[in-house]
Amino acid sequence: MALASQASTNLLQNPFISSKPRNSTPILPSKLHNYKHKSLTVQCSVAVAPSLSSTREHAVKSVKARQIIDSRGNPTVEVDLVTDKLYRSAVPSGASTGIYEALELRDGDKSVYGGKGVLNAVNNINQILAPKLVGVDVRNQADVDAKMLEIDGTPNKSKLGANAILGVSLSVCRAGAGAKGVPLYKHIQEISGTKELVMPVPAFNVINGGSHAGNSLAMQEFMILPVGAKSFAEALRMGSEVYHTLKGIIKAKYGQDACNVGDEGGFAPNVQDNREGLLLLMDAIEKAGYTGKIKIGMDVAASEFLTKDGKYDLDFKKQPNDGAHVHSAQSLCELYKDFVKEFPIVSIEDPFDQDDWSSWASLQSSVDIQIVGDDLLVTNPKRIAEAIQKKACNGLLLKVNQIGTVTESIRAALDSKAAGWGVMVSHRSGETEDNFIADLSVGLASGQIKTGAPCRSERLAKYNQLLRIEEELGNVRYAGEAFRSP
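Our subject in this report is the structure included herewith. If you're wondering where the values come from, they're calculated on a predicted model, not measured in any experiment.

### Details of the packing of aromatic side chains
By the definition in use, this model includes seven aromatic pairs. Summarising the aromatic geometry, the rings of F305 and F316 are spaced 5.8 Å apart at their centres and angled 35 degrees between planes, so their arrangement reads as tilted. Taken as a pair, F305 in the loop between β9 (295–299) and β10 (312–313) and F316 in the loop between β10 and β11 (326–327) lie far apart in primary sequence, eleven residues in all. For the ring pair Y312 and F352, a centre distance of 6.0 Å and an interplane angle of 70 degrees mean the geometry is edge-to-face. Of the two residues, Y312 is situated in strand β10 and F352 in the loop between β12 (345–349) and α9 (357–364); the sequence distance between them amounts to 40 residues. Residue Y312 shares its accessibility class with F352, and that shared class is buried.

This is the structure:
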């Protein structure tokens, strides 16, 4: 779309242009800082790519990072990698983060962006990684990621920052797809050894609580999963219709103010009783006409309300409080089992603290649903191995920025699948218009993805990309009821 004759402003107006390689060869700048003089075709994952000749460029010519702003108004890292085209990626950021996640490097200067600037991470890319990556073959994702890990040399990527390493890793993956002349999801399928491409069931976070919203709900996400749809497109329609039905219910019951949305696009009605949140979902599903076709998922994010004495305070947003909503791990486990009996819940994420292994194992052995580890696992193969051994959960929440490279993310997914687990690809609460995880979910045949409500453009960027992928593939299976083992 951005030909050499076009003004460079087109690059800024259309930063996420089709990833479909063109036969025409754009003029390349001799140096990356000359972007303003010469226009490049930006390659993201918005569309698909036909086969190209083997002469496609596969060596890195330059890498440049910059600080941009995410959906919560905080700085994050964006990386431009150039071969014969420009491949751009942006890094997400979480609000409720696990203590075992790879280090997200922030500047810490409270006078600038409240200390959340990422210029040090940007400089680590531009001054340390970029010179050492010139000439590497982008088709060899594992080799490039290993090279960056070697340069960093720390167990949690604390030298360069996981946000620096991931930004480059994502762009390398996009460039690898471009060099091979295949869509991003196809490239991911090939480097992961996935046999069949599958469209994922979306888990729409339509009621927000926890650290994502200013209401009194302790549990962070109340999700709907359209497992009864015949295709992803139908699932998106069902989710959208329930979302709008839910808005009407909430407005009538709690007033217009309750229709304000949280970080991920879900509504944040000022209710405290988590059961009430589930009842709202049931009412919306029924009124939209999808009873039996849409199931419920929850992300409790229990580490957020663990007390100092090892209990769980469901009124943690009100401090001090009378302690009436404080639960022991055992009583919280019983609450979950009651929820599962009363509601069509098929998935619960982070039901206990990230170090409360015994409680995880107790719940996992007593219910026949998906128990997903997020803070517990942080997409880390070592934590996954420990959870498999302790039988703590049966599902991985796959967040690329928790571990920091595409290669390690793929390894985490493959290890989880080998154990018979489900894999849910996930966004973060701080997102951008980058849609990499849509292709990742299809390429890995994860069977499930959560990337917010069908609202807010940084969330719809992923869902809309999945629509395009399904359209391109044509006869492709939708995971549906088999989302845990597609």
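### A word on the sheet that holds strand β7 (residues 204–208)
Spatial ordering of the open sheet is given by β6-β16-β15-β14-β13-β12-β9-β8-β7, a layout of nine strands whose pairing is mixed. One side of each edge strand has no neighbouring strand; the edge strands of this open sheet are β6 (201–202) and β7. Two strands pair when backbone bridges link them, and β9 and β12 are joined in this way by four bridges, in the parallel orientation. Residue pairing for β12: M298 is matched across the bridge by I348. In this fold helix α12 (residues 406–418) packs onto β14 (395–398) and β15 (422–426), with an angle of close to 165 degrees to the strand it touches most, β14.

### Let's talk about unusual backbone geometry
That bond from Q319 to P320 is cis: its omega, -5 degrees, falls within 30 degrees of zero. Positive phi, close to 60 degrees, is recorded for K157, a residue that is not glycine. In this fold, K157 is placed in the loop between α3 (141–152) and α4 (162–180). Accessibility expressed as a relative area gives 3% for K157, which makes it buried. Positive phi is not limited to glycine here, since A445 has a value of about 50 degrees. Take A445: it is sitting in the loop between α13 (436–443) and β16 (447–450). Take A445: its relative accessible area is 6%, and that puts it in the buried class.

### Describing the packing of α3 against α12
Where α3 contacts α12, the axes come no closer than 8 Å and their chain directions differ by 115 degrees. Taken together, the axis directions place α3 and α12 in an arrangement best described as roughly perpendicular. Between α3, through Q141, A142, D145 and L149, and α12, the contact on the second element is made entirely by V406, T407 and E408. Broken down by class, the residue content of the contact of α3 with α12 amounts to three nonpolar, two polar and two charged.

### Here's the deal with α13
Burial of α13 is extensive: eight of the eight residues sit out of reach of the surface. Buried residues of α13: F436, I437, A438, D439, L440, S441, V442 and G443, and no others. Where α13 ends, the next residue or the one after it, A445, has phi of about 50 degrees, a positive value.

What counts, and at which threshold
Residues numbered from 1 in each chain as written. Predicted model: local features only at pLDDT ≥ 70, side-chain atom pairs only at ≥ 80, totals over all residues. Heavy atoms only, no water. Phe/Tyr/Trp six-rings, centres within 6.5 Å; stacked < 30°, edge-to-face > 60°. Helix = DSSP H or I, 4+ residues; strand = E, 2+ residues; numbered from the N terminus. Buried < 20%, exposed > 50% of the residue type's maximum accessible area, 1.4 Å probe, protein only. Pairing = 2+ DSSP bridges. Contact = heavy atoms within 4.5 Å. Axes fitted to C-alpha atoms, helices over the stretch in contact; angles between N-to-C directions. Parallel < 35°, antiparallel > 145°, perpendicular 65-115°, else oblique. Nonpolar A, V, L, I, M, F, W, Y, C, P; charged D, E, K, R; others polar.

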